[in-house]
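In case you want the letters, here they are:
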Amino acid sequence: MLITFEGIDGCGKTTQLRWLREFLESLGRKVRTLREPGGSELSERIRDILLFTKENVAPRAELLLFEAARAQLVETLILPALAAGEIVLCDRFYDSTTAYQGYGRGLPLDEIAECNKIATQSLKPDLTFFLDLSLEESKNRSHNRHQDRIEQAGDEFFEKVLAGFHKIAEQSPERFHIIDASGTSRETSAKIIEIVKAKL
Ligand code: TYD
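Residues numbered from 1 in each chain as written. Predicted model: local features only at pLDDT ≥ 70, side-chain atom pairs only at ≥ 80, totals over all residues. Heavy atoms only, no water.

A. Representation of the overall build of the protein chain within the structure. Looking only at helices and strands, the protein chain features eight helices and five strands. Beginning at the N terminus, the succession of helices and strands in the protein chain can be written as β-α-β-α-α-β-α-α-β-α-α-β-α. Taking 16 Å as the expected radius of gyration for a compact globule of 200 residues, we find that the protein chain reaches 16 Å, a close match to that expectation. Out of the 200 residues in the protein chain, the part that is buried amounts to 48%. Expressed as a percentage of contacts within the protein chain between residues at least 6 apart in sequence, the contacts between residues at least 24 apart total 80%. (Helix = DSSP H or I, 4+ residues; strand = E, 2+ residues; numbered from the N terminus. Rg over C-alpha atoms; globule rule 2.2 N^0.38 Å. Buried < 20%, exposed > 50% of the residue type's maximum accessible area, 1.4 Å probe, protein only. Contact = heavy atoms within 4.5 Å.)

B. The site of the ligand, seen in detail. Close to the ligand lie 16 residues, the nearest being Lys-13, Arg-47, Arg-92, Thr-97 and Gln-101. Measuring from an oxygen atom of the ligand, one finds a side-chain N or O atom of Thr-97 at 2.5 Å. Contact between the ligand and Gln-101: a nitrogen atom at 2.8 Å from a side-chain N or O atom of the residue. Expressed as a share of its isolated accessible area of 540 Å², the protein-covered part of the ligand is 92%. Judged by the proximity of its atoms to the pocket grid, the ligand belongs to the largest pocket. For the shell around the ligand, the secondary-structure elements that each account for two or more residues are helix H2 (41–52), helix H3 (59–83) and helix H4 (94–104). Looking at the shell around the ligand, the element that brings in the most residues is H4, giving four residues. (Near = heavy atom within 4 Å. Polar contact = N/O pair within 3.5 Å; in protein donor to acceptor, adjacent residues only side chain to side chain. Areas by Shrake-Rupley, 256 points an atom, 1.4 Å probe, with all protein chains shown as cover. 1 Å grid on protein atoms, 1.4 Å probe; cavity = no way out; pocket = protein on both sides within 12 Å on 5 of 7 lines; lining within 4 Å. Sits in = over half its atoms within 2 Å of the grid points.)

C. Representation of helix H6 (residues 135–142) in the model. When H6 is considered as a whole, its buried residues turn out to be Leu-135, Ser-138 and Ser-142. The buried residues of H6 all sit within an arc of 60° when viewed along its axis, so they share a single face. Of the exposed residues in H6, the ones pointing more than 90 degrees away from its buried face are Glu-136 and Asn-140. Contacts made by the buried residues of H6 are with helix H7 (155–171). (Arc of directions from axis to C-beta.)

D. View of unusual backbone geometry. Glu-36 connects to Pro-37 through a cis peptide bond whose omega is -15°. Mapped onto the elements of the fold, Pro-37 is located in the loop between strand E2 (31–35) and H2. With a phi angle near 55°, Gln-121 is a residue other than glycine that sits in the positive phi range.

So, in structure tokens, the structure goes:
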């Protein structure tokens, strides 16, 4: 089973992923936690370029770098883990590309969908949790953190990204769950665990 987490900076994805992992392990399930971009050595090196290059990155170059990192992660880590019966939890997956490079940067959505398909070999998450937080609240929660290249984009970009995630939710209701992340982390976690339990 593949479960992915999505949301903008400061929404608490990493904490939620950790708690879901603990819950699943308490049931005796084997869990693999991964992140995008990253997860494998090659993908972590691509992550470094994507987040910290000083050069102005062309949107299509950005798209293809995310996809290259993803292709490596899917082939070398996600598919083998799934084949071994593990539950894979991934911090971001291709919905981030649709939201950030598609709705945010404005690249054509059909091209993004095709690239996502190539990189993932058509693999789809069984469940996706979108941790929904307003831009204002997200900024309040993350104002002390050092921002990477993508996080430095302005409010207008992030409003488009948020709206993009909501469009994806409308198009994929069978797997995509919008979780209100404005409460405490424990409240958010309880909602996630309930949905996962029903799916197991
Ligand atoms: P990360 O530090 O993981 O951010 P966060 O903690 O918010 O998840 O950095 C990943 C950044 O890359 C984040 O700003 C979102 C962006 N991103 C894309 O633009 N497209 C993608 O396909 C992915 C996976 C991430």
